[in-house]
Each structure stands twice: as C-alpha cells, then as structure tokens.
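# Structure assessment
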2 protein chains.
Amino acid sequence: MNKDKVILYHAISVLNEDFSASVEKIANAAQVNKRTLYRYYKDRDTLISACYANMLDTWYEAMLAAYNGDAHPIKQLEQMLYAAIDCGVKYLFLSAVESKDGNNDIHRTEKFIAYEKARDKWFGIIPELQEKNVIDRQLSGPWIRLLFVNTVRTSVQALKAGDVAQNDLKRLAWLCFSRSIGITG
Amino acid sequence: MNKDKVILYHAISVLNEDFSASVEKIANAAQVNKRTLYRYYKDRDTLISACYANMLDTWYEAMLAAYNGDAHPIKQLEQMLYAAIDCGVKYLFLSAVESKDGNNDIHRTEKFIAYEKARDKWFGIIPELQEKNVIDRQLSGPWIRLLFVNTVRTSVQALKAGDVAQNDLKRLAWLCFSRSIGITG
DNA sequence: AAAAAATGTCACATATTAATGACATAATAC
DNA sequence: GTATTATGTCATTAATATGTGACATTTTTT
C-alpha cells in the first residue's frame, strides 16, 4: 500500500475515534513523521477531505457490488452487511458524519448527495421485506438502519479487541442482525 | 438542576462525540460562558475527572438497582438494559473509556477498579443463562457484551434523532437485543 | 430598592497545535 | 558507488486553545 493510503487509513481510524485529534497523533498512528504527512497532504483540511472522499468511494463500490451480486433481497441485505463490515471503520465514520448537522461542508458536496441517494435506494430493501412480512413490521426503517450500523460497529470492535475469530465474524454479525429484525432463517 | 451538573452533562455529551473538543465548545453546548465554566471547574482535567466520576456513579447506582430489583436472571438482564439506556450517553462514554488502552489515568483509580469488578459480576448472568440454553451458546461473552453496549447506542441515537417514541424505545431495544442473542420470549 | 451573588465581557499571558523552510540522513534506482 | 528521491530532524512563525484578572451586567436574596 502506498504511503498516502497508509496515512489516509490511519487518519480515518484516528479521526473516527477523536475528530479533533492533532495531526501529530495521526502521523504517529501511521508511523510517519509529521513533516512527511504534510508532504502528502497540504494541510489538515485537505487530509480530512481526502478521508471523506475515500470513505465514500470505498463504501459505494462495496455496496454496489453487494447489491448487484444477488437478486434475492434477503441475500442482498446479507451481502450489504458483509460489505459494510469489510469497509469497517470507514463505514462507521461515514455514518457518523451522516448523522451530524447539515451545516458541515461535506454535506453539500455532489459526491455526498449521490451517496445519500444510493443509500436510500439500497436500504429500500427493508420496507420491501417488511411488506412481505419477512422483516418485523413493528420496527421502523430508521431503527433498523441504526441496528445495521451498530451491528457493523459491534463487528469492528470485536475484531479490534480480538474477541472473535475473523472467520466467525460475519456469520455471527448476520445471525444476530437478522434475528434482531425478525428474520427467521 | 444545578449549573455544575448542567455543565457536566454537556461535557459528557460533547466529549463522548469528540474527546479533544475545546472547553469553549463544551461551554457553548451548556449555554454558559467559558469564564463561568472555569469558575465551576478549575481546569480541563478537573472537568474530565468529574465526568468520569459522575459516569461511574450514575451507572453503578442504576445497574445496582436493576440487578437487585429482580431475582430472575432474564428479568435482571432486561432491567440492566433499561438502566443502561437511562444512563444514555454516560454509559456509552464509559464503555468507550473501558475499551481504551490501560495507560490512561482513570484506569488506575479505585472507583474504576470497583466498577470493573461490579460489571463482571453483573454480566455473569450471561454465561449462567447460556448454560441453561436460554442464551445462544455459540455467542461468546465479549460479543454479547458488545451487542449490549451497541443496543444502548442504537437507543440513544434513535432518541436523539427523534426516530422512535420515548414509550416504545426500551421495548424495542429489549425486543431486538433479546432476539439477537437467541432468547425467544 | 439595596446588598450580595452569579454570570458575562474583554483584554491578556501562556501553552499547544498547525504549517513551513533549511538541511541531514536513509532508502532506492541506475 | 553515485545520483535521485523520500523521509526525518529541528528551528521558527502563525494560529488556536487554555486559563486568569479586572470590571460591567444581570440575577437573586433580603
């Protein structure tokens, strides 16, 4: 992996946990000198914008593949969960940004608006499945989406803490998520 | 509520989302002048210590009441979830601190060690219920605890976003959590 | 209404972080 | 091995954040 991507990855990871973390903290996490970081990214804002762009691209690509990879809605949802887990911290940070005030700069970018549109389309699976009584109808759409995000969070945290083996991770995540929304498989 | 508690509440809320947030940002959230904040809390560290202490106390009291309020383990677990939801952001921040490196100052305090001990005792319910095949045995203890925390997170986020009515909140949280760990009630 | 207490405004010293230039050192290519 | 390129070290300036004193304004008490 190129150094700019290494820095980007660690920037996303650090900023996800502590958005006002110093550039030095990010540099340390990426194991490069602060001066080197500034050679790849002009300033703090540039780095943050690059984080946003990268998160959006990564997530979009992964979700698109998941959505298009199967015609059966339950399988699509399952693959979307796996895709989000693969995106890991990038997806979590993105969904955190999403829930913040719209006064932010990123909320007005074309890419972000496209992201929101795609997301709404993909998560349209949920009400579809509720109409067919596959997913519990007493749960609201926003609630299920929060469950989805936080299932991913559980997975990322478990992986980081070493609580669960890589192989079991996605299976457990889907098992718990699907059961929680009333899918009996 | 006394002004010191108002400031404390908002400090916990702001720091939970952005740990390196400035004192000014906390003061703004609490709708007091920065100068006033410094009259209640000598400096940033004092404020942060007060946050930790308050989170621990709030959580401890709520969980103790939940645990002692019922003799039946499933009911105890349910009440513990409700207690954690009532603690809201305080509980989330606390569990975030918990998962950080032990190099932190707070990890060595007496209160925190007592907290860990109590927590382990209370969450001992989980393996008990697994032995009785009430909770799915293929799920590990740490995984279930992460699910617990993130169910609380889902509840807090839903409440903040106004997605779910106050009245339904705890019922939905328990419904989803209990189903996800294989409790069929 | 007068006194007392709490809060806000503003200027200011200090500390921390952001960002850059000049140069030394390490890594890589040829 | 030498030239080239990438990275690290260190000093320095600019910008923000921390924390305090002096005093004005507001709120509460009596």
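What you see is a predicted model, and the numbers here were worked out from it, not measured in a lab.

Bringing the overall build of chain A into the picture now. Per the secondary structure count, chain A includes ten helices and zero strands. What you see in chain A, going N to C, is helices and strands ordered as α-α-α-α-α-α-α-α-α-α. For 185 residues, the compact-globule formula gives about 16 Å, and the C-alpha radius of gyration of chain A, at 18 Å, lands near that figure. With respect to the three principal axes, the spread of C-alpha positions in chain A is 55 × 40 × 25 Å. Within chain A, the proportion of its 185 residues that are buried is 47%. Of all intrachain contacts in chain A linking residues separated by at least 6 positions in sequence, the fraction that spans at least 24 positions is 66%. Summed over its atoms, the accessible surface of chain A is roughly 9300 Å², and 47% of this surface lies on carbon and sulfur atoms.

Chain A puts 32 residues into the contact, and the matching count from chain B is 32 residues. Together, the buried faces of chain A and chain B total about 2600 Å²; carbon and sulfur atoms form 59% of this surface. Interface area lost by chain A to chain B is led by Trp143, Thr154 and Arg179 of chain A, which between them contribute 24%. Our enumeration of links across chain A and chain B arrives at two salt bridges.

Mapped onto the secondary structure, valine 6 of chain B falls in helix H1 (residues 3-17). Residues valine 6 of chain B and glutamine 31 of chain B, spaced 25 residues apart in sequence, show a C-alpha to C-alpha distance of 9.1 Å.

To continue, consider the protein's contact with DNA strand C. Around DNA strand C lies a shell of 16 residues, among which Tyr38 and Arg44 of chain A together with Thr36, Arg39 and Tyr40 of chain B are the nearest. Backbone atoms, meaning sugar and phosphate, form 52% of the atoms of DNA strand C found within 4 Å of the protein. Interatomic distance of 2.9 Å between a backbone N/O atom of arginine 44 of chain A and a phosphate oxygen of DNA strand C. A distance of 2.5 Å separates a phosphate oxygen of DNA strand C from a polar side-chain atom of tyrosine 40 of chain B. Considered class by class, the residues forming the surface near DNA strand C number four nonpolar, three polar and nine charged.

Turning our attention to the domain arrangement of chain A. Frequently, the measure chosen for interface size is the accessible area removed from exposure when the parts meet. Residues and elements named next belong to chain A. We note that the domain assignment places domain 1 (1-41) and domain 2 (52-180) within chain A. The C-alpha centroid of domain 2 is placed 25 Å from the C-alpha centroid of domain 1. Across the contact, eight residues belong to domain 1 and eight residues belong to domain 2. Area buried by domain 1 at its contact with domain 2 is led by Ile12, Asn16 and Phe19, which between them contribute 66% of it. At the junction of domain 1 with domain 2, the criterion picks out one salt bridge. Lysine 160 is the partner of glutamate 17 in a salt bridge, and the nearest nitrogen-oxygen pair spans 3.2 Å. Remark: the boundary between domain 1 and domain 2 carries one residue pair in polar contact (both at pLDDT 80 or more). Class assignment for the residues of the side of domain 1 that touches domain 2 results in four nonpolar, two polar and two charged.

What follows deals with helix H10 (residues 166-180) of chain A. End to end, H10 of chain A covers 22 Å across 15 residues, agreeing with the expected 21 Å (1.5 Å per residue, within 8%). Taken together, the buried positions of H10 of chain A are Leu169, Leu172, Ala173, Trp174, Leu175, Cys176, Phe177, Ser178 and Ser180 of chain A. If you follow the buried residues of H10 of chain A, they end up packed against helix H5 (73-87) and helix H9 (141-161) of chain A together with helix H9 (141-161) and helix H10 (166-180) of chain B. The positive-phi residue at the C-terminal boundary of H10 of chain A is glycine 182 of chain A, with phi of around 90°.

What counts and what doesn't
- Residues numbered from 1 in each chain as written.
- Chains lettered and ligands numbered in written order.
- Predicted model: local features only at pLDDT ≥ 70, side-chain atom pairs only at ≥ 80, totals over all residues.
- Heavy atoms only, no water.
- Helix = DSSP H or I, 4+ residues; strand = E, 2+ residues; numbered from the N terminus.
- Rg over C-alpha atoms; globule rule 2.2 N^0.38 Å.
- Buried < 20%, exposed > 50% of the residue type's maximum accessible area, 1.4 Å probe, protein only.
- Contact = heavy atoms within 4.5 Å.
- Areas by Shrake-Rupley, 256 points an atom, 1.4 Å probe, with all protein chains shown as cover.
- Buried area = accessible area lost by both parts, 1.4 Å probe.
- Salt bridge = Lys/Arg side-chain N within 4 Å of Asp/Glu carboxyl O.
- Near = heavy atom within 4 Å.
- Polar contact = N/O pair within 3.5 Å; in protein donor to acceptor, adjacent residues only side chain to side chain.
- Nonpolar A, V, L, I, M, F, W, Y, C, P; charged D, E, K, R; others polar.
- Domains from an automatic or database assignment.
- Expected span 1.5 Å × (residues − 1).

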